[in-house]
Amino acid sequence: MTADETSAPSSSLRGVSKEYPAARVRALSDVDLDLPAGTLTALLGANGAGKTTLLRILAGLLAPSAGTVEILGVHQPASRRAGRELRRRASYISQEPALDPEMTGGEVLALLAALYGVARAERARRVDELAEIFGTTAHLQRPLSTWSGGLRRRLHLAAGMIHDPDLLLLDEPTAGLDIEGNDFLWAELERRARSGRAVAVVTHDLAAAERHADRIAILEQGRIMAMGEPRALMAEHGCATLAELFRRSTGRDPAVLAPRRGREKE
Amino acid sequence: MSSALDVVAAVARRTWTVTWRRPVVLTFSLGQPLVWMLFFGFLFHRFPLVDLPAGFTYVDFLAPGVSAMTVLFGASQAGIGWIRDLQTGFLPRMLNTPASAGAILAGKVLADAVRLLLQAAAVLALALLVGARVRFAPAALVSGFLCLALFAAAFSCLSCAVALRARAQESMATFVHLVNMPLLFTSTALVPHREMPGWLAAVARVNPLTLTVEAWRGALLFGRAPSPLATGLLALLAAALYALALRQMRAAASLY
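Cut-offs applied
- Residue positions within a chain follow its written sequence, with the count starting from 1.
- Chains and ligands are labelled sequentially in the order written, the chains with letters from A and the ligands with numbers from 1.
- Since the coordinates come from a predicted model, pLDDT governs what is reported: local features require at least 70, and pairs of side-chain atoms require 80 or more to be given and counted, while whole-chain, interface and lining totals use all residues.
- Secondary structure elements follow DSSP: runs of H or I of four or more residues count as helices, runs of E of two or more count as strands, with numbering from the N terminus.
- Radius of gyration here is computed from C-alpha atoms only, and the compact-globule reference equals 2.2 Å multiplied by the residue count raised to the power 0.38.
- We call a residue exposed when 12 or fewer other C-beta atoms sit within 10 Å of its C-beta, buried when the count reaches 20 or more, and partly exposed for counts in between; the C-beta positions come from the backbone.
- Any pair of residues counts as being in contact when their C-beta atoms, constructed from backbone geometry, are within 7 Å of one another.
- Angles here are taken between N-to-C directions and fall from 0 to 180 degrees, while the axes themselves are lines fitted to C-alpha atoms, restricted in helices to the stretch in contact.
- In what follows, roughly perpendicular refers to angles from 65 to 115 degrees, roughly parallel to angles under 35, roughly antiparallel to angles over 145, and oblique to any angle outside these ranges.
- Crossing handedness is read from the near helix: turned anticlockwise from the far helix by less than a right angle, it gives a left-handed crossing, and turned clockwise, a right-handed one.
- Given a helix with a known number of residues, its expected span is that number minus one, times 1.5 Å.

1. Observations concerning the overall build of chain B
Assigned secondary structure in chain B consists of 11 helices and zero strands. Secondary structure elements in chain B, listed N-terminal to C-terminal, are α-α-α-α-α-α-α-α-α-α-α. Over its C-alpha atoms chain B spans a radius of gyration of 19 Å, differing by no more than 12% from the 18 Å that the globule rule assigns to 256 residues. Each of the three principal axes of chain B carries a C-alpha extent, and together these read 60 × 35 × 35 Å. In chain B, buried positions account for 48% of the 256 residues. Contacts in chain B between residues far apart in sequence, at least 24 positions, make up 84% of those at least 6 positions apart.

2. So, the interface of chain B and chain A
Facing 21 residues of chain B, the contacting portion of chain A comprises 19 residues. Breaking the side of chain B that touches chain A down by element, the ones donating at least two residues are α1 (4–20) and α5 (90–95) of chain B.

3. Overview of the environment of Met161(A)
Residue and element names in this part refer to chain A. Tracing the backbone shows methionine 161 in the loop between α6 (149–159) and β7 (167–171). On the basis of neighbour counts, which here come to 22 C-beta atoms within 10 Å, the residue methionine 161 falls in the buried class. Between the C-alpha atoms of methionine 161 and alanine 27, which are 134 residues apart in sequence, the distance is 28 Å. Dropping the residues within four chain positions of it, methionine 161 is found in contact with Ser91, Leu130 and Leu168.

4. Quick notes on the packing of helix α3 (residues 58–76) of chain B against helix α6 (residues 101–129) of chain B
Relative placement of two packed helices is described by the angle separating their axes and the distance separating the axes. Residues and elements named next belong to chain B. One can describe the packing of α3 onto α6 by two numbers: an axis separation of 9 Å at closest approach and a directional angle of 150 degrees. Here α3 lies roughly antiparallel to α6, going by the angle between them. In this structure, the crossing between α3 and α6 has a hand that is right-handed. Between α3 and α6, the contacting residues are Ala63, Val66, Ser67, Ala68, Thr70, Val71, Gly74 and Ala75 on the first element and Asp112, Leu116, Gln119, Ala120, Val123, Leu124 and Ala127 on the second.

5. Some details on α1(B)
In this model α1(B) runs 24 Å from its N-terminal to its C-terminal C-alpha over 17 residues, within 8% of the 24 Å that 1.5 Å per residue would give. All of the buried residues along α1(B) are Val7(B), Val8(B), Ala10(B), Val11(B), Ala12(B), Arg14(B) and Thr15(B). For α1(B), the elements touching its buried residues are α4 (105–115) of chain A together with α6 of chain B.

Structure representation (structure tokens):
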């Protein structure tokens, strides 16, 4: 892959706003954002800053109230055919695991591989590979109802990558993961970004964002307050840490982002 | 590209897998028609039924009816699994793949229909054990069975459509009773036409369960193939209810 291709925007938003009229909430205001191929972008912000709304618009799951959206070269709203092609190449991994507890982990991965149109000969290899990457191989034959919450979350992440998507969007994937699971996840996301995919992660983990992300975007009340390469941004604003940059950009104590514990459903 | 047949097969396999892991449901859905068969059989076999051709007993008449009733009862509950799949988010997730909603629905309905037909056959076998008699006319049996299959598919689709619309177990239970009982008692599954009051016989004539029961019974008792009209009407009903369920499927995709 050439440098030109890696820097081409995989997806972009221009002047995007989103209102939820029923709740009288303006979730996003005039957002411009590019997700270049080959980069890992972290979306940071407090609860209610608009991160999930942004991610769902990037996934084509939600239509904006204003502005233009282009996902993997497809203008939104897409035709039904273009929408299907988009779902083949993109993946939105929701915050809550969406799995069938009565199926085994292996069955869920194999079924989703079939639905994503992964070639029959390729399916078993993909299932084994992803189970290995997320450390769930030993549990694959058991029904998911017997898995711990953290393991289920790992399978949920693996399932979202079964079709090797060009665009990977993850909503707070680290919530409920143990340290090992966290390490597996960030290593895999970095690996996918290095191989030319566009990856965007909503996270509360400033330290992980600083360590792993190529770019960060800080959201506050539906607006992007800062966006760019973390070190360059910190230098530009004269901040020694990302936490300081967060405080400077949002006026909030970075402690509001402290990872939540024990919220996992058992 | 994902081949539609591949998707149908994968979803059908998944539907069966989950069903076999709930043996209680399977046992009850087989036990219930047996109870009906025995109670109705013993209750009514003493009454002379004028509509029956000479040489047939009420148990002979009842067997195809209860076999079709098993399909109706099973099919109207087919959507319940999808309420669970909505609650876990797994159905919306399946719908947010490039697989077509139509193929996913077809896989689910195919799996349910095949299971229901096996149950209908099992109920018939039980009926034979308690003394019912049938005629083996292969060509008629195949076309009668096709009508039963179309009926199974139609009502599985209806159940899925209602489940996706209601999104709650409680509403689904109401639907099941609201549909099953009136359809059963205004059909010729348990009682012949001529034993019914005039208005009821008129209702029974347009009842899809009657269409199915008559096709199935004609094949089993008299070796008579169903009319193309009956088969065509059931196919039309299945197609319409499939389209209805598909609309609800597309709406459910946004829940992911």
